[in-house]
Each structure stands twice: as structure tokens, then as C-alpha cells.
Amino acid sequence: MIKNIIKKYEESNAFLLFVGLLAALFFSATFLINRSISLEGGHWYWSASLRFAYTILFLGFGLVIFRGIDYLVAVLREFVTHLKFWTIAGSIGFGSFYGFLCFAADFSPAWVVATTWQTTIIASLFVLWVFGQKLPKIIWGFTFIIFFGITLVNLSHFDITNIKPLLLGFIPVLIASVSYPLGNQLVWESKKKRKSNEDTSVYLLDNAFVKVFLLTLGSYPVWLILFFLFDVNMPSQGQLISVAMVSLLSGVIATTLFLYARNKANTPSKLMLVDASQSGEVFFALLAEVLLLGAVLPNLMGFVGLVMTTVGLVLIVKK
């Protein structure tokens, strides 16, 4: 019965927003846990690379249990057949994205990283534009309302006497915010092209878990290169456990929900809606920091920013 209800509404704006916000909830755990690891002395490289090692284990096990070993073999064959594509898409969409995000956690609090990450909303617009997608001008306006709201939240906590950590956190996250939608859009475009060419292997890309698995495999060259570039000590037991939690909550659950919603988005406007829903990470990260880490509630400027972000999301849904 539940499956039938989902089938009926899965392409509606409201449903896509709900799934996108649910993904944002699980994504927000990344910022808090990575910041906690950093404060305890864990190296950002292990926070990034181990997450994807765990993700392969979790997803590989899940695919075998629910689809069988033959299905996993078909997925691996897909990776080998299109090795160049998945390496490029994975290195950009997962490797560059998460490496820079974890690096930023060494210099900025979770709320700063979560807030700056919302630049991915604007980045998504430009990525869609580069790939020839046409978006209504009003969507751009609504999106900038969201971004301006997020900026107010950021400015409400800005400390002019401590600008270096903010810059070291901002620039890497800015790069990550472009990398993530770019990698995902490469997959979306590839799927569209294969369907038009009647490629029989395209059915694999309808499974969000498979896409996460393939992008994760494709990111491995990045982790190998970074391993030889940085001198890092072995991770502690606490970091191993924390990264496993991030991998499950964000790498598997959140990413799969996000890609599922993106897969069901059959218009550029709906794609933008799903991408914009990730601004919910700010709300969830802020709430978690207040409840769990004793963070101070937003001041008037921050509150106005939160309201503007909410209004922007509502306007996009009604559009």
C-alpha cells in the first residue's frame, strides 16, 4: 500500500521536497561528526577516505543481499565498461566534494561549513546552465532568496577578529559546492544519453544505490593520490567508529535519498527544487549544535535569514 502511494506522488514537487529535506537531515550529521573528529585531533584525510571505504562495504553487502551476487557483478561490469566516465564523475562528484568538505572542518565550526555549503544551490544553477538546461528566470530569483537568507545566517555569526579560519573553511567548501552538483549532473546526462541510444545497461542507473556505489568506486583515485601527498598518522578507534556513522547516515542513506529524488525529477525546475532542498542542512545542523553542543541561538539577523530561506523553498514548491 505504501509503495503504491509513493508511486502515485513520487514525481510531485511536495514529495521531491520531502525526500530532499530528509536527505538534508542525514547529510547534516556529516558536519557535526566531522567537526567533532577534527576537535579530537583526527586527520581530515581519514574522515574523507574511510567514509567511502565503508560505503563500498555497506552498499556491496546490501546489493548482494537484496539483489543477488549476479546483480553486483553486473554493476561491477558497468564500472569497468565505463571506467573513464565513472572515474571522472566519481573523482569530481565524490572525491573533490568530500575531500574539501572534510578539510574545511579543521578550520570552521559545523554551522559555518553547513552554511557555506549552501552555495551549492547557486552552483547547481550554473551547472544546469552549462549543460544546456533552461530554467525560468523566476527560479533564479527564488534561489537567490534562499542563498541571501543563508548568507544572513552566516553573517550573523561572523567574527571579524578571526577571519583566517573562516577563509580556510570557506574556499574549500566553495570548491566542494561546485564539485558535487557537477558530478551528479554528469551521471544525469549520461543516463539521458544512454536512454536515447537505447543502451540496455541504463536500467542499472535507475537504482540510486548503484549510482552511489559506482561514484564511490570512481572516487578512489583521489584518495590514493592524497594518501601519497599528505603525511598522516593511522586513524584512532574513535575516528574509525565516527566515520562509519557518517558513512551510513550520509554516504548511504542521505546520498541515496538525494539521488533518488534527483532521478525522479523529470524537469530542470524539479532538479533545482531537489538541489535547493539541501539548504535544510543549515536548520538541522544549527538545531543539533544548540541541543547537543550548547551553541547559541541565532540573533535577529540569523533569524531573518532562516525565514528567508524557508520562504524561498515554499516559493519554489509552488512554482
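Residues numbered from 1 in each chain as written. Predicted model: local features only at pLDDT ≥ 70, side-chain atom pairs only at ≥ 80, totals over all residues. Heavy atoms only, no water.

Novice: Tell me about the packing of aromatic side chains, and please be specific about residues and values.
Specialist: Scanning all chains against the criterion turns up 21 aromatic pairs. Pairing Phe85 with Trp86 gives two aromatic rings, centres 5.0 Å apart and planes at 75 degrees, and the pair type is edge-to-face. Of the residues examined, Trp86 reaches a relative accessible area of 0% and is grouped as buried. Ring centres 5.6 Å apart and planes at 25 degrees place the aromatic pair Tyr180 and Phe258 in the stacked group. With Tyr180 in helix H9 (residues 163-196) and Phe258 in helix H12 (residues 237-264), this pair connects stretches of sequence that are 78 residues apart. Among the aromatic side chains, those forming a connected cluster through ring pairs are Phe27, Phe52, Phe94, Phe97, Tyr98, Trp117, Tyr180, Trp223 and Phe258. Taking NZ or CZ as reference, Arg51 lies 4.1 Å from the ring centre of Tyr98, over its face. Its end group placed over the ring of Tyr71, Arg67 keeps NZ or CZ at 4.8 Å from the ring centre. (Phe/Tyr/Trp six-rings, centres within 6.5 Å; stacked < 30°, edge-to-face > 60°. Buried < 20%, exposed > 50% of the residue type's maximum accessible area, 1.4 Å probe, protein only. Helix = DSSP H or I, 4+ residues; strand = E, 2+ residues; numbered from the N terminus. Lys NZ or Arg CZ within 6 Å of the ring centre and 35° of its normal.)

Novice: Kindly report on the nonpolar core, identifying the contributing residues and their values.
Specialist: In terms of nonpolar packing, the biggest core is built from 83 residues, with Tyr98, Leu101, Trp117 and Phe213 touching the most fellow members. If you tally residues by element for this core, the top one is helix H2 (residues 13-39), at 11 residues. Setting aside chain neighbours within four positions, we find Trp117 in contact with Phe31, Phe97, Leu101, Val173, Ala176, Ser177, Tyr180 and Glu281. (Core = buried A, V, L, I, M, F, W, Y, C linked by side-chain atoms within 4.5 Å. Contact = heavy atoms within 4.5 Å.)

Novice: With reference to specific residues and values, describe the pattern of salt bridges.
Specialist: Here the idea is simple: oppositely charged side chains can pair when their charged atoms come close. Inspection of the entire model under this criterion finds 2 salt bridges. Here Glu78 makes a salt bridge to Arg194, at a shortest N to O gap of 2.6 Å. Of this pair, Glu78 sits in helix H4 (residues 69-81) while Arg194 is found in helix H9, placing the two residues 116 residues apart along the sequence. The same class applies to Glu78 and to Arg194, which are both buried. The closest approach of N and O atoms between Lys191 and Asp206, which form a salt bridge, is 2.7 Å. Taken together, the positions of Lys191 in helix H9 and Asp206 in the loop between H9 and helix H10 (208-218) put the pair 15 residues apart, joining distant regions of the chain. (Salt bridge = Lys/Arg side-chain N within 4 Å of Asp/Glu carboxyl O.)

Novice: Tell me about H2, residues and numbers included.
Specialist: Taking 1.5 Å per residue as the helical rise, H2 with its 27 residues ought to reach 39 Å, and the 39 Å between its terminal C-alpha atoms agrees with that figure. Just past H2, the residue Gly41 takes up positive phi, approximately 95 degrees. (Expected span 1.5 Å × (residues − 1).)

Read these as geometric descriptors, not functional statements.
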